[in-house]
Each structure stands twice: as structure tokens, then as C-alpha cells.
There are 2 protein chains.
Amino acid sequence: ILKWWNKVKRVTGKAWEMGRSDPRKIIFSAKTGLALTLLSLLIFLREPFKDMSLYCVWAILTVVVVFEFSIGATLSKSLNGGFGALLAGALSLGMAELSTLAGKWEELIIIIFIFIVGFSATYTKLYPSFKPYEYGFRVFLITYCFITVSGYQTGEFVDTAINRFVLIALGAAVSLGVNICIYPIWAGEDLHNLVIKNFRDLATSLEGVVNNYLHCVEYKKVPSKILTYQAAEDPIYNGYRSVVESTSKEDALMNFAVWEPPHGHYKMRKYPWKNYVKLSGALRHCAFMVMAMHGCILSEIQAPAEKRQVFRSELRRVGCEGAKVLRELGNKVQKMEKLDREDLLDEVHDAAEELQQKIDKKSYLLVNSETWEIGNRPIEDEESDPQQEGKFLEHKSRSEAVLDLRTVEVPHSWDGNLTLGNNPATNASQNMSRKQISWSAHVYHHKSNAEVKEGQQQLKTFESASALSLTTFSSLLIEFVARLQNLVESFEELSETANFADPLEQQEPL
Amino acid sequence: ILKWWNKVKRVTGKAWEMGRSDPRKIIFSAKTGLALTLLSLLIFLREPFKDMSLYCVWAILTVVVVFEFSIGATLSKSLNGGFGALLAGALSLGMAELSTLAGKWEELIIIIFIFIVGFSATYTKLYPSFKPYEYGFRVFLITYCFITVSGYQTGEFVDTAINRFVLIALGAAVSLGVNICIYPIWAGEDLHNLVIKNFRDLATSLEGVVNNYLHCVEYKKVPSKILTYQAAEDPIYNGYRSVVESTSKEDALMNFAVWEPPHGHYKMRKYPWKNYVKLSGALRHCAFMVMAMHGCILSEIQAPAEKRQVFRSELRRVGCEGAKVLRELGNKVQKMEKLDREDLLDEVHDAAEELQQKIDKKSYLLVNSETWEIGNRPIEDEESDPQQEGKFLEHKSRSEAVLDLRTVEVPHSWDGNLTLGNNPATNASQNMSRKQISWSAHVYHHKSNAEVKEGQQQLKTFESASALSLTTFSSLLIEFVARLQNLVESFEELSETANFADPLEQQEPL
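Keep in mind it's a predicted model, so treat the numbers as computed, not measured.

### A few points about the overall build of chain A
Assigned secondary structure in chain A consists of 22 helices and zero strands. Residues counted as buried form 55% of the 510 residues belonging to chain A. Roughly 23,200 Å² of accessible area belongs to chain A as shown, and the carbon and sulfur atoms make up 60% of that amount.

In C-alpha cells form, the structure reads like this:
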């Protein structure tokens, strides 16, 4: 009994937790209960509403079926269902007339019609563009069968049809009334919040990716959940995954939101919910770049820590500025304000350009560093145009030398990490190469047979691959920045169509 | 009237088209019609089954609600509903006993109980892990209210409950019987086919991306649908998009498939449908790389065509081998065979390594090409170890020179293309730079003020960025190859747990 009691306590605890984290769930449940209670009062009606009382089950049934979490969903189901029921009523009355004309073949005709109606309604409902109205087709079919069957039994088609329809309408009306009047839950608001959350998740994810990359955080073993794209604990992964995965949720919410009447902040006929989804799509387009950058961290081929440190400040700056832009846009969406400055992207573009220039200057670091020593570099440049470029390059090479020769502090997490090693092709050379990088220069001189040459070449290949990985990361980051432009455009389109407040105009009256 | 007739013709045409492309839809509709017809025969029953006949609507209602496309869905709905109805029946009978004890407070108690039951059922159903059983909760609620209300009216709780239950069970039984016996449609098979389709889509997409990249296909204007991640016409985009987007479909199918009894090729209790979804997740992990590669094509920063041509054969080989592996795996999944050779990945790994080595050898092409001219290269190398490397490098540099100096045939689509130009930061320099590349060397000598130096630097920055884009593409391709390993492992796990046939064993008896 104690065990049982503990279980009850645990379940209650969980239920309580759920209620606390989202009180709307409690309210929604109470609303459902209330709607049911209201309609079950019907059973106590006496004459002359005896009929109503007898069939009030239909109203209750409607509530259970139609009552949904958000108002949009409830409305779309009610209207769909109502339309379906009306159509079915009309059709079944017509069919009834027809079948009575048939005389003794009446039964056969009824049966055949049921088959035909069942077939066509089901077939039509499978057509892709009718998918949102699936529920309407179901109600249509139920109502048609019901009226036909009970009409046949009682001989009172019209009465049955009207009676049922009134009760269903009553059920729908009570559902809607309760749902809208008491603490309404709007799908549109949920969609709005989801978009804002996506912006923030991606910003967090972006910062996390850049930081982890710079701190050379490696996965000892990539969680298999990430490899098979399942939900995992990793916060960075979850950030962009939720953005990528929210498509279906957004579509569902949008389909409900378009049914909702203007309300609250969304005072406008035909509110452009579609643009929210579009904005979120543009955000997703950016998220794919963050995902690809995370791929650089997950990858087995890793750029050496020293090289990452060279680009440290630039990478970090781009990451921070990018996240800032995302947060700023998220806030603007939340406040429903237009952009108050034209130069939102200037900072991040500056940062990206700086990174790009740094890469350009240091591009020799990104290719095979052994063969491309800095000492040799100015020689060639002077060949091409010594008069003009000479001074400039001299300056450049000096500053580079300083950067390169200083001992870069390598974060501790890098040392002693296991390699991810799954890939047989690179695995053999990989474990080796990380350690060899430091002493490879010596080997070079000591051994001199063909085997070493071969090994040496492989080693270099791996080394250059690992350096290229840094290039990849940077290019992806720059591409991410480029995609922000498109995001801002989507936002502007949304802020125009949705008539967001202009923060500049608001300040003027002061 | 003619207009109306045309419309009818068009609609019929569409419906016919849908039926031809997926005949299962026609069969399913006919099955629904048949089930409805069978049950509506009940209304012609005479004594002693008058009761059955009177309430046969309940059986019809069950069919309409429960009859789903796949058997798994029908089964899960029926069982869920059945369980819900049973529980509700038991509970409502208990409550009825209780309320009669209350005497004159009976009505009040009934109402209060309806509220409590409605509240708790709705609240429980919102708990995330109960989501698959949502339908069961609905039936529970409907049944509870129905039995309570009609029991109160007639005073015959037990009779009502049993009568309804028998009819609902009959409806469910007919649905299941018709659905399973006549041309069954299995969710598991759909899932299986979806996974196979995903493999093929991705293979096509991969080939398309690599080919387009090598042919320098550029988007005159990136379709805004791609930028906001909506469905678009682009075949490459659609290939990987459908792989990425199939998550929710797979989950739904899996949830149905687990309800299905062993059948056809899937003769096994607890068939590991989960592993199919996992395999598809691993495939998705690869698809993200293809997506990122496509991003290189969509990007504004494009590698010059000549440089792409240098890596042409290697890139193409990796692309082809990668697609081959994907197709091979897809076929294995289709035939439900284990892998018949260990070296499935050898070819593609070889290809990737070759690409990697080529990149290594030509890495100077990937950085700023102006400052890193080929003529200067051997000089430095010889410095580091002239005795040993000399001969090797001489050979290397000669072959490179040949490759570089030959006039590379630039595909026509490259010339005269508009730039994508959206990004204000690079836009200014970008339009210019493509054209300037050829004559920049001249300008270099003619002007000599600070402004030109600045412009020159920007130009170089862009150039190096464009070359790095090629690096990015290659690294992503190599990372894609690395991820194939994980895909193969997922496949092996599936082939073990699902007991795929071993093609080697099958051949032995011969």
C-alpha cells in the first residue's frame, strides 16, 4: 500500500508540475468540464422541451469532439462540422424523397446511396487540398448516415434532421461561448510566441557554437541521438533543432490562427499570419548554417587549436553580433515594432568583413602550414609589384609574424581529448597526426625512405584538411551573416503587412 | 452551363488523376463505403433484434470515426476507443450507484461528477506522454457522458451501457474486418517505402548538387521559397527537403506500424520499426551536409569556374560514389538484405581521400591566387628539404603547371549571369570584382593612390573569399562522406534487429 501511495504521490506531483508550468492547461480542462456541465443541465428540462432533453447527448457529443485547446481550432472544427452537417442534411433529405418514390426498392436504394456517398466523401477527403477540412467530411458522413437511418426508422426525416441540427449547433455554440468568453487561448498568440522563441533559441545556439568552437570543445563520442537526428540533451543542438523542427507546429498553428477573429494585439482583418511562418522559414534558412557549423564541431577532422586562436577575436565578434541581431529581431517581433534603425546589420557585416580580411591575410595558415612558411611570403608579392605594395606588405607581414610567434594559450579542454574516430579512411592517420604535428619537422630530416614519404604525404593531407576545417567554419559563419539580410527583409515584410508600430513615430509626440 | 461543364470535367480529371497515381486511395474509399453499407443493413433487422436496429447508428458512427487509411491507424483507434469506452462504462456504472444513494441530491451529484470527469480526462490527455492515446480519452468522455445521461433518463444504466458497447464493438469489428481482409494497407509498408524513397531522393539531390556546382549553375535570383524554406520546384532542393521534412510523417507511421500484427515481409513479433526511423535519422544527418553544399550554390560568394574545373574529376567522383552508396543502401533496404560486402564505403573513401590530397596539393589555389603564384612555389619547398622532396615536388609542380596553364573550358552558364547581390556589405565590391578579376593586374600598375590600395584590398578579400567557397564545398563533401559511416552502422543495426536475409547465405545452397 505504501508503494501504491508513493506512486500516487509521484503522479500527482507530475500533474501539478505540468499545471504550474503552463496554467493554461488547467484552465482549458476546467473550461471543458464547464461546457459539459452546462449542456448536461439540458437533461433536467421538462415539457415542452422533452425532445431536447431526450437527445441532448448529441450536444454533449459535439462539445467533446469540437472543444479544442485554441480558439482557432475550436472555430475551424465547429464551422467545418456545421457546414458538413448542413450539407449532409440537405443531401439526405433529397435522397429520402428520391427513395420513397422508388416504392418497394426503397431499401435497396438507401443502401446503394450510403455506399456511394461514403465512397465519394472518403475519396474527396483524400485530395491533398481538402486536408484541412477532413473533419468536415467526417461530420458530413456521420450526419448523412444518421439522418438516413433514423429517418427510415421513424419516417420523419425533416424532424430528425432539424432536431439533431439544433442540438449540434447548440453544442457548438456553448463550446465557442465558453472557449472565447473565459480566458481565451489564441492559436495566433502561440504562433507569435513560437516565432519569438525560435529567434532566441537560434541566438543561443549560435553563441554556443562559436564559443565551443573557440574553446575547442570536442565530443568524446558524438551522442548517437545527434547522429540520428533525435531529440538530445545538448543545448546547442536543441536550439537549432527546435527551430528546424517547428515547421509542422507552425503550419498547424497558422491553420488555426487564420480562423480566429481579430483580437488583442492583432486588430486587423486577415491578419498576415502567413508572414510569421515565412519569417520563421527565413530564420530556419539561417539555422541550417548554424547546424552546418555545429557539424564542424561534430566532425572528426578538427582544426588545431592554435590556428583557431588566431581568428579568435574575429570569430567571436561575428558570433556575438549575429546573436545580437537575432535577439534584436526577436524583441522587435515581441514588441511588434518596426525596425528603428537602418543599420541593424552594419555591425555584423563589419565583423564579417573583418573576419574575411583576416582570413585573407592569413590564408597561408589555412593551407598546408609546413610548406607555406611566413618567411617566404613577401618575396613573391614584391615580384608582382614591389614599388606599390612593398610597404603595405611589409607592414602586413610583420604584424602577422607577431601574431604567429606569440605562444597562443590553448584551452585545457583540448588536451587529452579522445578523437571521435569512426571513419576508417582517416582514422588511422588521425590519431597519429594530432601528436605528430609538433615533431613532424624532425622526422622529416631523419628518415628518408619511400615509406616515410608516403606517410608524410598522408600526414600533410590530414593536416591541411584540419586547417581547411577552420576555413569551412568561417565561410559558414560568413554565409550565415549573408543570410541575415534575407531574414531582415522577411521581417520588414511582416512589419509592413502586419502594421507594426513605428517606434520613431511613437516618440515624436513627446 | 458550358463553363460549369468544363469545371466539372476538370474536377473529374483531377480526381481520376489522383486515383491513377495511387490506386490505394480508390480501394480505401470503396472499403469505407462497404463497411458503412454492411452496418446499415442492420436497420432492416426485425424482432428480436429490434433494439440493435434502433441504435445501429452507433455502429455506423464508430465506422466513420475509426476507419483509417492504414491498418495500424484503424487498430490503434479501435483499441484505444474500446479501452476508453470500457473504462467509461465501468466508471459511469459506479457513479450511477453512488448517485442513487444520494437520494434527492442525485441530479447535483451527476452534474458535479460530469464536471470532475471532464476536467480530469482533459487534463490527463494534455500530458505529453499520453498524446498517442488522445482518441481514447475522447471516447472515454463521450461514453461516460452518454451512459450517465441516458441512464438517468431511462433508469436502465446497465442495459444502455451494454447495448451501446456491443454496437460500438460491432462497428469496430466490421471496420477491422473489412480493412484487413480486403486489400490491406499497412502503415509499416508505407514507412519502409518512405525510407527507401528518402535514400533515393538524397542520392539524386547529391548528384545534382555536385553537378550543378561543377557546371557553375547559378541562381539568377534565389527563389524566395528556398530562402524561407517552403516547398519549391527546384529538384535538388526538393530532394533533400523531403528527407529533412519527413520526420513527422515517419513518426506518425511508426506509431501506427507498432500496432500492426506481423504480416507479409515483416514476420516477427515486435518488428523494429524504430530502427527504420533511426536509419532515416542517420540519413537526415547526411542530408544536412547536402543542404549545406547546396548553400554554397545559393551563396553570393562563388568560387571562380576555372578553379572548380581543377577539382572537377575528384569532386565528381566523390559525388558519384556517394550517390552510389546511398542507392546501394536504399536497394538493400528495399530487398531487406544484409550488406553483402564489407567494402561498401571503400570506393567513396578512396575518392574522398583523393579529393583531399588534391586539395592539399593545390591549396595555393584556394587562397588568394594573386599573391600565391605557382611559379614561386617550388622555391620554398626546396628550402625546407631540397634533397628529399626535390624530385617529388618537381614532378608535382610540373603537373600542376600543366593543369593551370591549359585553358579551362568554362561552361557557358557562367558567363553573363547576374550576381545574386542582396548583401550590401559585399554587394558593392561583388558586382565589380567578377569583371575585374581579368583586368585587375593592369589597374594595379596604372593608378597609385591610397584609394586604389583600399579598393584593391577589398577586391582581394572578395577573391579569396570566393576561392575559399570551393574549400568549403569540398570540406562539406568530405564531411558528408564521413557521415556515411554512421549511416552504414545504422543500417547494420537495422539489418540485425529486423533479421534481414543474408545474400551470401542464400547463395550457398546452390
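### Side note on the side chain of His294(B)
All names here are of chain B. Positionally, His294 belongs in helix H13 (residues 273-298). By relative accessible area, His294 is classed as buried at 0%. Leaving out residues up to four positions away in the same chain, His294 has contacts with Val209, Tyr219, Ile226, Asp234, Ile236, Tyr237 and Tyr240.

### Some details on the nonpolar core
Counting residues in hydrophobic clusters, the biggest one holds 160 residues, and the most contacted among them are Tyr276(A), Phe480(A), Leu487(A), Leu202(B), Tyr276(B), Phe480(B) and Leu487(B). Filtering out sequence-adjacent residues up to four positions away, Leu202(B) remains in contact with Tyr240(B), Val243(B), Leu283(B), Cys286(B), Ala287(B), Val290(B), Leu326(B) and Phe480(B). Formed by 91 residues, the second largest nonpolar core is a distinct cluster that contains Ala35(A), Phe140(A), Ala35(B) and Cys56(B).

### Things to note about the environment of Ser246(B)
Residues and elements named next belong to chain B. As for its position among the elements, Ser246 is in the loop between helix H11 (235-245) and helix H12 (247-257). Sequence-wise, Ser246 and Asn80 are 166 residues apart; in three dimensions their C-alpha atoms are separated by 26 Å. Leaving out residues up to four positions away in the same chain, Ser246 has contacts with Leu194, Asn198 and Arg284.

### Description of the packing of aromatic side chains
How two aromatic rings sit relative to each other is given by the distance of their centres and the angle of their planes. Residue and element names in this part refer to chain A. In this structure the tally under the stated criterion is 24 aromatic pairs over all chains. Geometrically, the ring pair formed by Tyr213 and Phe473 is stacked, given 3.7 Å between the ring centres and 5 degrees between the ring planes. Of this pair, Tyr213 sits in helix H9 (residues 187-214) while Phe473 sits in helix H21 (residues 450-497), placing them 260 residues apart in sequence. Exposure remark for Tyr213: the relative accessible area of 0% places this residue in the buried category. Take Phe473: its relative accessible area is 0%, and that puts it in the buried class.

### Examining a nonpolar patch on the surface
Taken together, the side chains of Leu34(A), Leu38(A), Leu41(A), Ile182(A) and Tyr183(A) make up a nonpolar region of the molecular surface, amounting to roughly 420 Å² of accessible area. With respect to the secondary-structure elements, Leu41(A) resides in the loop between helix H2 (23-40) and helix H3 (50-54).

### What about helix H6 (residues 106-125) of chain A?
Residues spaced three or four apart along an α-helix point in a common direction, a consequence of the helix completing one turn every 3.6 residues. Taking 1.5 Å as the rise per residue, H6(A) with 20 residues should run 28 Å; its terminal C-alpha atoms sit 28 Å apart, in good agreement. Those residues of H6(A) lying buried are Glu106(A), Ile110(A), Ile111(A), Phe113(A), Ile114(A), Val117(A), Gly118(A), Ala121(A), Thr122(A), Tyr123(A) and Lys125(A). If you follow the buried residues of H6(A), they end up packed against helix H5 (71-101) and helix H7 (134-154) of chain A together with helix H1 (2-21) and helix H2 (23-40) of chain B.

### Regarding unusual backbone geometry
In this model, Tyr183(A) sits at a positive phi of 40 degrees, which is unusual for a non-glycine residue. Here Tyr183(A) is to be found in the loop between helix H8 (157-181) and H9. Given the relative accessible area of 44%, Tyr183(A) is considered partly exposed. Backbone geometry at Asn499(B) places phi at a positive 60 degrees, although glycine is not the residue there. By the secondary structure assignment, Asn499(B) is in the loop between helix H21 (450-497) and helix H22 (503-507).

### Thoughts on the packing of helix H9 (residues 187-214) of chain B against H13(B)
All names here are of chain B. One way to put it is that H9 packs onto H13 with a least axis distance of 10 Å and a crossing angle of 20 degrees. Here H9 is positioned roughly parallel relative to H13, judged by the angle of their axes. Helix-helix and strand crossings are classified by hand; for H9 and H13 the assignment is left-handed. Each residue belonging to the contact of H9 with H13 can be placed in one class, and the counts come to 18 nonpolar, seven polar and one charged.

### Some points on the packing of H2(A) against helix H4 (residues 57-66) of chain A
All names here are of chain A. Contact geometry of H2 with H4 gives a least axis separation of 9 Å together with a crossing angle of 170 degrees. With respect to each other, H2 and H4 are oriented roughly antiparallel. On the side of H2, the interface is formed by Ala35, Leu36, Leu39 and Ser40, while H4 contributes Ala59, Ile60, Val63 and Val64. Partitioned by chemical class, the residues of the contact of H2 with H4 number seven nonpolar, one polar and no charged.

### Some words on the pattern of salt bridges
Tallied over the entire structure, the rule returns 32 salt bridges over all chains. Between Glu17(A) and Arg20(A) there is a salt bridge whose closest N-O contact spans 3.4 Å. On the criterion of helical spacing, the pair formed by Glu17(A) and Arg20(A) is a turn pair, its members being three residues apart in helix H1 (residues 2-21). The exposure class of Arg20(A) is exposed, given its relative accessible area of 57%. Across the pair Arg24(B) and Asp22(B) runs a salt bridge, and its minimum N-O distance is 3.3 Å. Taken together, the salt bridges that share partners define one network made up of Glu68(A), Lys77(A), Lys125(B), Glu134(B) and Arg138(B).

### Regarding H7(A)
End to end, H7(A) covers 30 Å across 21 residues, agreeing with the expected 30 Å (1.5 Å per residue, within 8%). Where H7(A) ends, the next residue or the one after it, Gly155(A), has phi of about 75 degrees, a positive value.

### Here we look at the side chain of Asp190(A)
By secondary structure assignment, the location of Asp190(A) is in helix H9. With residues near it in sequence (within four places) discarded, Asp190(A) still touches Arg24(A) and Leu253(A).

Criteria and thresholds
Residues numbered from 1 in each chain as written. Chains lettered and ligands numbered in written order. Predicted model: local features only at pLDDT ≥ 70, side-chain atom pairs only at ≥ 80, totals over all residues. Heavy atoms only, no water. Helix = DSSP H or I, 4+ residues; strand = E, 2+ residues; numbered from the N terminus. Buried < 20%, exposed > 50% of the residue type's maximum accessible area, 1.4 Å probe, protein only. Areas by Shrake-Rupley, 256 points an atom, 1.4 Å probe, with all protein chains shown as cover. Contact = heavy atoms within 4.5 Å. Core = buried A, V, L, I, M, F, W, Y, C linked by side-chain atoms within 4.5 Å. Phe/Tyr/Trp six-rings, centres within 6.5 Å; stacked < 30°, edge-to-face > 60°. Patch = residues over 30% accessible without salt bridge, like charges linked within 9 Å, V, L, I, M, F, W, Y side chains within 5 Å. Salt bridge = Lys/Arg side-chain N within 4 Å of Asp/Glu carboxyl O. Expected span 1.5 Å × (residues − 1). Axes fitted to C-alpha atoms, helices over the stretch in contact; angles between N-to-C directions. Parallel < 35°, antiparallel > 145°, perpendicular 65-115°, else oblique. Left-handed = near helix turned anticlockwise from the far one by under 90°. Nonpolar A, V, L, I, M, F, W, Y, C, P; charged D, E, K, R; others polar.

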